[in-house]
Amino acid sequence: MRFWKSLIATAAVALLPWAATAQTVKIGIINTYSGPNATLGEQIDNAIKLYTKEYEKNLPPGVKIELIRRDDTGPNPDVAKRLAQELITRDKVNMLAGVVWTPNAAAIAPLATEAKIPFMIMNAGTAAISTMSPYIARVSFTLWQSSHPFGIWAAKNNIKKAFIAVSDYGPGHDAEAGFEKGFTDNGGQIVGKVRMPLANPDFVPFMQRIKDSAPEALFVFIPAGRQATALMKAFGDLGLDKAGIKLIGPGDITTDEELPNMGDAAIGVITMHHYSAAATRPANQAFVQAWKREYGPNTTPAFMAVGGWDGMAAIYHAVREQKGRIDGDKTMALWKGWKNDQSPRGPIMIDPETRDIVQNEYVRRVERVGGALANVEFETIPMVKDPWKVINNRK
Ligand code: VNL
């Protein structure tokens, strides 16, 4: 009796790893594929496709990755939550990834925790998101990460008085707080602040008010994509540039893929960000070349594409190390401290304590290069950790 019991037990244990071999790893991608912000989902998705094309062959023998794509249609937390629920319970995904928008990421976070499903954030940039679940890691950025060092830089580079205008939701609030702290801690003065609606904003009345208050600089955050071009147009049409007001902000306001639509009003705009398609690092030049070969010479990868690209690199790392048998906690352990010195944006690391990205921030100026507008990097702040977490001791 005891012999049989132990034999069965041994056999069961021996069979376990074999039975648990998930040769196909399922990744649920929640992304914005339709609506006015579909260009952003396309950036991330094209990067995912390109990464798959180049690196699928490096997966261990027999291991496959199945991507299950779902469209959240924009900043719609209820839709995102329902999609995540279905991906977890019906499709039985091993990981979740993607997510352009902060409210959507926040809505998904508790589901990742409950199901112990690793969730790789490829865009959403409000600092607190990574604290909302121990199963979240982020490979994109935070708004504090660009805006706080930029506030310091602006104060030290002869800007004394600034006006702050931001979209009225998480990333905007973070950009505002981060810039204000960096700027005022170093002697700068905020002469006015305004929060603009996230949905269908008309920037004209805001720009008029700001012009009338005549600040030296206007610091703006709006979500990247079409809003960035609308903002730039209002800034130019109302003549704020001609009135001598310098437009500054995180790189979302001069996102690479929208630059061709922005026109001359964008020239001279100074921003801080982690990625420019114009960067001359060899890893970036290879990335941009591969992108143009794949999607056409007139297309440009922007920071959201790089979020998708590096997110895939982190996912592939976890899949390879586990030979396709994905465990939630093991995946998180593999992501903590993961490094890549060959990212198009420069060296990156996932901070083992906060699961958030550590990366260079670059000061850039929009210039005409070879007939096209480009974000030209001219100064580097190396390996910035999310300052909101550093200052507030948040994990
Ligand atoms: C967010 C952050 C969205 C930065 C953005 O564009 C952006 C977000 C859509 O966290 O919602 O540029």
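All chains use their own residue numbering, which begins from 1 and follows the written sequence. A pLDDT threshold of at least 70 governs which residues receive local features in this predicted model, and a stricter bar of 80 or more applies before side-chain atom pairs are shown or counted, although totals over entire chains, interfaces and linings include all residues. Hydrogens are left out, water is left out, and the side-chain values use all remaining heavy atoms of the structure.

A. Spatial organisation of the overall build of the protein chain. For the protein chain, the count of helices and strands is 13 helices and 14 strands. The C-alpha radius of gyration computed for the protein chain amounts to 22 Å, which stays within 12% of the reference 21 Å derived for 395 residues, consistent with globular compactness. Counting only C-alpha atoms, the protein chain reaches 90 × 45 × 35 Å along its principal axes. Split into buried and exposed, the 395 residues of the protein chain put 56% on the buried side. Any two residues whose heavy atoms approach within 4.5 Å at even a single point are treated as in contact. Long-range contacts, defined as pairs at least 24 residues apart, comprise 68% of the intrachain contacts of the protein chain with a sequence gap of at least 6. With residues, only the protein chains shown are counted as cover, and all accessible areas are computed by Shrake-Rupley using a 1.4 Å probe. Total accessible area on the protein chain is roughly 16,200 Å²; 54% of this is exposed by carbon and sulfur atoms. Counting rule applied: Lys, Arg positive; Asp, Glu negative; His and chain ends not counted. One atom stands in for each charge, and that atom is NZ of Lys, CZ of Arg, CG of Asp or CD of Glu. Put simply, the protein chain has 45 plus and 40 minus side-chain charges, and the middle of one group is 5 Å from the middle of the other. The helix and strand labels rest on DSSP assignments: H or I over at least four residues marks a helix, E over at least two residues marks a strand, and numbering proceeds from the N terminus. It is over C-alpha atoms that the radius of gyration is taken, and the globule rule equals 2.2 Å times the number of residues to the power 0.38. Accessibility here uses a 1.4 Å probe with only protein chains present; expressed as a share of the type maximum, an area under 20% marks a residue as buried, one over 50% as exposed, and anything in between as partly exposed.

B. Representation of the pairing of strand β1 (residues 24-31) within the structure. Counting buried positions along β1 gives 6 out of 8 residues, so the element sits mostly inside the fold. Pairing between two strands is assigned when DSSP locates at least 2 bridges connecting them. Pairing of β1 with strand β2 (residues 64-71) involves 8 bridges; the strand directions are parallel. Directly across from N31, in β2, lies its bridge partner D71. Taken together, β1, helix α2 (residues 38-55) and β2 form a β-α-β motif whose crossover is right-handed. With 4 bridges joining them, β1 and strand β3 (residues 95-98) adopt parallel strand pairing. Each residue of the ladder has a partner; that of I29, found in β3, is A97. Whether a crossover is right-handed depends on one test, that the path from the first strand over the helix to the second runs clockwise when the strands point away from the viewer.

C. How the structure looks around the sheet that holds β2. Here 5 strands make up an open sheet; going across it, the order is β2-β1-β3-β4-β5 and the pairing parallel. Sheet topology places β2 and β5 (136-138) at the edges, where each strand pairs with a single neighbour. Between one strand and the next, the sheet's axes are offset by a mean angle of 25°, whatever the strand orientation. In this fold helix α11 (residues 303-321) packs onto β1, β2, β3 and β4 (119-121), with an angle of close to 165° to the strand it touches most, β3. Axis lines are fitted through C-alpha atoms, for helices just across the contact stretch, and the angle between N-to-C directions can take any value from 0 to 180 degrees. Running at roughly 25° to β5, helix α12 (residues 328-335) makes contact with β3, β4 and β5 of the sheet.

D. Region of the structure containing the site of the ligand. Here a residue is near a molecule or strand as soon as one of its heavy atoms is found within 4 Å of it. Taken together, 16 residues sit near the ligand, with T102, G125, Y169, A224 and D252 positioned nearest. Between N or O atoms, a polar contact is any pair within 3.5 Å; within protein, one atom must be a potential hydrogen donor and the other a potential acceptor, and residues adjacent in sequence are included only when both atoms are from side chains. At 2.8 Å, a backbone N or O of G125 approaches an oxygen atom of the ligand. The separation between an oxygen atom of the ligand and a polar side-chain atom of Y169 is 2.8 Å. In the complex, 100% of the free accessible area of the ligand, which totals 320 Å², lies under the protein chains. Residues are grouped as follows: Ala, Val, Leu, Ile, Met, Phe, Trp, Tyr, Cys and Pro are nonpolar; Asp, Glu, Lys and Arg are charged; every other residue, Gly included, is polar. Residue composition of the shell around the ligand, by class: 12 nonpolar, 3 polar and 1 charged.

E. Region of interest: the nonpolar core. Among the nonpolar cores identified, the biggest contains 91 residues, and L96, M120, F179, I315, V319 and W335 are the most heavily contacted of them. With 12 residues, α11 is the single largest residue contributor to this core. Excluding residues that lie within four positions of it along the chain, L96 makes contacts with G28, I30, A84, L87, I88, I108, I117, P118, F119 and M120. Definition of nonpolar core: a set of buried residues of the types Ala, Val, Leu, Ile, Met, Phe, Trp, Tyr and Cys, connected through side-chain atoms within 4.5 Å. Counting residues in each nonpolar core, the second largest holds 28 residues, with A165, F203, I210 and L231 among its members.

F. Structural detail: the pairing of strand β10 (residues 270-273). The alternating pattern of β10 places I270 and M272 on one face and T271 and H273 on the opposite face, and all of these are buried. With 3 bridges connecting them, strand β9 (residues 246-250) and β10 associate as parallel partners. Each bridged residue has a counterpart across the sheet, and for P250 the counterpart in β10 is M272. In this sheet, strand β13 (residues 357-369) lies alongside β10 in antiparallel orientation, the contact comprising 4 bridges. Bridge pairing in β13 links T271 to R364.

G. Representation of the side chain of Q43 in the model. Along the chain, the position of Q43 falls in helix α2. Judged by relative accessible area, which is 7%, Q43 ranks as buried.

H. Expanded view of unusual backbone geometry. The phi dihedral of V99 is positive, around 80°, even though this residue is not glycine. Classification of V99 as buried rests on a relative accessible area of 0%. Unusually for a residue other than glycine, N158 sits at a positive phi of about 70°. Looking at the secondary structure, you find N158 in the loop between α5 (143-156) and β6 (161-167). Owing to a relative accessible area of 61%, N158 belongs among the exposed residues under this scheme.

I. The pattern of salt bridges, seen in detail. Salt bridge, as applied in this entry: a Lys or Arg side-chain nitrogen positioned within 4 Å of an Asp or Glu carboxyl oxygen. All chains considered together, the criterion is met by 20 salt bridges. Here E294 makes a salt bridge to K53, at a shortest N to O gap of 2.9 Å. Note that E294 is positioned in helix α10 (residues 282-295) and K53 in helix α2, a separation of 241 residues in sequence. In this structure, K181 and D185 form a salt bridge, with 2.7 Å as the shortest nitrogen-oxygen distance. Taking relative accessible area as the criterion, D185 reaches 49% and is therefore assigned partly exposed.

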